Amino acid sequence: MTKISKNSDKSLESNSVEQSSRRDFFKKTAIYSASALTAATVLAPIKLKADDENITHHVEWGTKLGDKVDKYPYGVPSPYEHNNVRRVHDLLSSGDRYATVSMSPLHQQEGIITPNGLFFTRNHGGTAHIDPNKFRLMIHGLVKKPIVLTLEQLKRYPSESRIHFIECPANGSTGWRGPQFNNLQFVKGMMSSAEWTGVKLSVLLEDLGLKPEAQWALVEGSDNSEMGRTIPIEKILDDAMLVWGQNGEPLRPEQGYPVRLLVPGWEGNLNVKWVKRIEFSDKPWHAKEETSKYTMLQPSGKAINFFWPMEVNSIITSPCPEVPWTDLKKGDMVEISGIAWSGRGTIKTVDISLDGGKNWVEAELKGLVLPKSWTRFFYIIKWDGKKKVLLSRAIDDTGHIQPSIDKLIGNVGVEGIYHRNPIVGWEVTSKGVVNNVHVRS
Ligand SMILES: Nc1nc2c(c(=O)[nH]1)N[C@H]1C(S)=C(S)[C@@H](COP(=O)(O)O)O[C@H]1N2
Ligand SMILES: [Mo]
């Protein structure tokens, strides 16, 4: 474990001169107009040899016909992308890989949507394969019109599409007791994001009629694990949905085909897959997954039984151990970028530190900034070729701030593994190698 104390490390000092946001950079390099500056001119250009065969010769794919257009009725990625895959870590699996988690390669993702084949997958009893003709959804308990729906009937309700992340509350637990894994995928890969299509439960319940005593819903899966979770009625009526669409196609089997519950911004575990039953009651159930698991430990060791929202969080995805700066030289311009998210609301600002938390600057947000969604941020620097300790700290529009490791330990103690959202440290060595470090104050 690398311990970085606040005042002793001289190599971390005085790099603020070289820090500049994109706006400042444009100002300082007035010989270019902002519009003429493309990423290629801003960021370190790779110098190719004049006799590079890829320029001077015909490339092989230009001299013969390509594949027939109907070779793949359902498209597949380029074979050169075979490393862009989900991964299971032996240390985190039950051995047989039925009840485990396969983590998403965040370092290879662009924008705020995870491709369906790379969506992280957390199963407690294997991936169920449900025949959509045999799908039945029972909605009962404190409703005026109890019902059993087929998939076609469910899809007749008015639908909408929304972009939201799903994050397992155990995300971040792998790096909690020290930098155990030296890559982004195993440090933060228990989350992904999609555009989900389905019906809001508030719309469905307008039809079925909720009885006034209804305070809680039990949502249960039909898979081997029979995952069941209790959800308060306020959330059900606010923005919970039953979804069948994932990024423009039916849900993938791993994500709960044909229908899952979507509880935007709340614990991944609540997003029950392969859903079969929703029961309304005036009391919570205290289901298996809300007793010893998926609860929030306090410093006293006592657990908070229901703790649902995923806290404000962020992670730098470039650079990271899988995306180092080993090809860069002193003086090269480079973009530091990452993902911020909050299950409570919308990302307001993201701060970045290059010196392990002594100085902070505000990053810029890019692309869509949506509630309970991934939000991209970036910041451009001229690298001085010296060691850096990169941190990012997100703040959401409810005023929550991503805590340091020590602040979080003060709040929740060290024992629990759920809801760990501390600031993550990437040390960039003078050679451009990136390591996961714990920055303690
Ligand atoms: N029916 C059912 N629903 C489930 C699970 C499960 O094993 N069975 N796993 C839960 C957990 S712990 C998480 S974190 C999320 C993961 O969703 P994903 O696999 O689509 O990423 O699904 C939740 N819903
Ligand atoms: Mo989970």
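For the structure itself, look to the data block above.
This is a predicted model, so every value here is computed, not measured. (Residues numbered from 1 in each chain as written. Chains lettered and ligands numbered in written order. Predicted model: local features only at pLDDT ≥ 70, side-chain atom pairs only at ≥ 80, totals over all residues. Heavy atoms only, no water.)

J.: Which residues make up the environment of Ile-113, and what values do they have?
T.: In this structure, Ile-113 sits in the loop between strand S1 (101-102) and strand S2 (121-122). Classification of Ile-113 as partly exposed rests on a relative accessible area of 30%. Those residues within four positions of Ile-113 in sequence are excluded, and the remaining contacts are Ile-163, Ser-193, Ala-194, Glu-195 and Asn-247. (Helix = DSSP H or I, 4+ residues; strand = E, 2+ residues; numbered from the N terminus. Buried < 20%, exposed > 50% of the residue type's maximum accessible area, 1.4 Å probe, protein only. Contact = heavy atoms within 4.5 Å.)

J.: Describe in detail the site of ligand 1, supporting the description with residues and values.
T.: Lining the immediate environment of ligand 1, one finds 21 residues, of which Phe-120, His-124, Asp-223, Arg-260 and Lys-273 sit closest. Residue Asp-223 places a side-chain N or O atom 2.7 Å away from a nitrogen atom belonging to ligand 1. Contacts to ligand 1 include Arg-260, whose side-chain N or O atom sits 2.7 Å from an oxygen atom. Contact with the protein chains hides 100% of the accessible area of ligand 1, taken as 530 Å² for the molecule alone. Class assignment of the residues belonging to the shell around ligand 1 gives a composition of seven nonpolar, nine polar and five charged. (Near = heavy atom within 4 Å. Polar contact = N/O pair within 3.5 Å; in protein donor to acceptor, adjacent residues only side chain to side chain. Areas by Shrake-Rupley, 256 points an atom, 1.4 Å probe, with all protein chains shown as cover. Nonpolar A, V, L, I, M, F, W, Y, C, P; charged D, E, K, R; others polar.)

J.: Requested: an account of the sheet that holds strand S22 (residues 425-428), with residues and values cited.
T.: Where strands meet in a sheet, backbone hydrogen bonds hold them as pairs that are either parallel or antiparallel. Strand order in this open sheet of five strands is S18-S17-S21-S22-S23, and the pairing throughout is antiparallel. Strand pairing shows two members of the sheet lacking a second neighbour, strand S18 (361-362) and strand S23 (434-437), which therefore form its edges. In this sheet, S23 lies alongside S22 in antiparallel orientation, the contact comprising four bridges. Counted as the bridge partner of Trp-426 is Asn-436 from S23. (Pairing = 2+ DSSP bridges.)

J.: Can you tell me about the sheet that holds strand S20 (residues 375-382), naming the residues and giving the values?
T.: If you walk across this open sheet you meet the four strands as S15-S16-S20-S19, and the pairing is antiparallel. Either end of the sheet is taken by a strand with one partner, and the two such strands are strand S15 (313-318) and strand S19 (364-366). Each neighbouring strand pair of the sheet contributes to a mean axis angle of 35 degrees, computed without reference to strand direction. Sheet topology note: the S19/S20 ladder contains three bridges and is antiparallel. Bridge pairing links Lys-366 to Arg-376 in S20. (Axes fitted to C-alpha atoms, helices over the stretch in contact; angles between N-to-C directions.)

J.: Go over the pattern of salt bridges with me, naming the residues and quoting the values.
T.: Inspection of every chain in the model, using the stated rule, returns 22 salt bridges. Among the salt bridges present, the one from Arg-229 reaches Glu-290, with a minimum N-O distance of 2.8 Å. Residue Arg-229 is found in strand S8 (residues 228-232), and its partner Glu-290 is found in the loop between strand S12 (275-281) and strand S13 (296-297); the two are separated by 61 residues along the sequence. Like Glu-290, Arg-229 is buried. Among the ionic contacts, a cluster of salt bridges with common partners joins Glu-220, Arg-277 and Glu-279. (Salt bridge = Lys/Arg side-chain N within 4 Å of Asp/Glu carboxyl O.)

J.: Report on the side chain of Glu-267, specifying residues and quantitative values.
T.: Looking at the element boundaries, Glu-267 is found in the loop between strand S11 (260-262) and S12. Taking relative accessible area as the criterion, Glu-267 reaches 0% and is therefore assigned buried. Setting aside anything within four residues of it in sequence, one finds Glu-267 in contact with Glu-167, Pro-169, Arg-229, Tyr-294, Phe-307, Trp-308, Met-310 and His-419.

J.: Tell me what's going on with helix H6 (residues 201-208), and back it up with residues and numbers.
T.: Buried within H6 are the following residues: Leu-201, Ser-202, Leu-204, Leu-205 and Leu-208. Looking down the long axis of H6, one finds its buried residues gathered within 155 degrees of arc, a one-sided arrangement. Gly-209 lies just past H6 and shows a positive phi near 75 degrees. (Arc of directions from axis to C-beta.)

J.: Can you tell me about the pairing of strand S16 (residues 333-341), naming the residues and giving the values?
T.: For S16, the buried fraction is high: nine of the nine residues fall into the buried class. Side chains of S16 alternate between two faces, with Met-333, Glu-335, Ser-337, Ile-339 and Trp-341 and Val-334, Ile-336, Gly-338 and Ala-340 buried alike. Here five bridges tie S15 to S16, and the two strands are oriented antiparallel to one another. Of the residues in S16, the one forming a bridge with Ile-316 is Gly-338. Of the strand pairs in this sheet, S16 and S20 are connected by eight bridges, and their pairing is antiparallel. In the strand pairing of S20, Glu-335 is matched with Ile-380.

J.: Can you explain helix H8 (residues 405-412)? Please cite residues and give values.
T.: Along H8, the residues classified as buried are Ile-405, Leu-408 and Val-412. Projection of H8 onto a plane perpendicular to its axis shows the buried side chains occupying an angular sector of 65 degrees, all on one side. Exposed and facing more than 90 degrees away from the buried side of H8 are Lys-407 and Gly-410. Buried residues in H8 make contact with S13.

J.: Residues and numbers for unusual backbone geometry, please.
T.: Omega for the bond connecting Tyr-257 with Pro-258 falls within 30 degrees of zero, at 5 degrees, which places this linkage in the cis form. By the secondary structure assignment, Pro-258 is in the loop between strand S10 (249-250) and S11. The residue after Ser-318, namely Pro-319, is reached through a cis peptide bond having omega 5 degrees. Position of Pro-319 relative to the elements: it lies in the loop between S15 and S16. Phi at Arg-97 is positive, roughly 65 degrees, even though this residue is not glycine. Summarising the element assignment, Arg-97 is placed in the loop between helix H3 (53-56) and S1. Of note in the backbone geometry, His-419 takes a positive phi value of approximately 55 degrees without being a glycine. Along the chain, the position of His-419 falls in the loop between H8 and S22.

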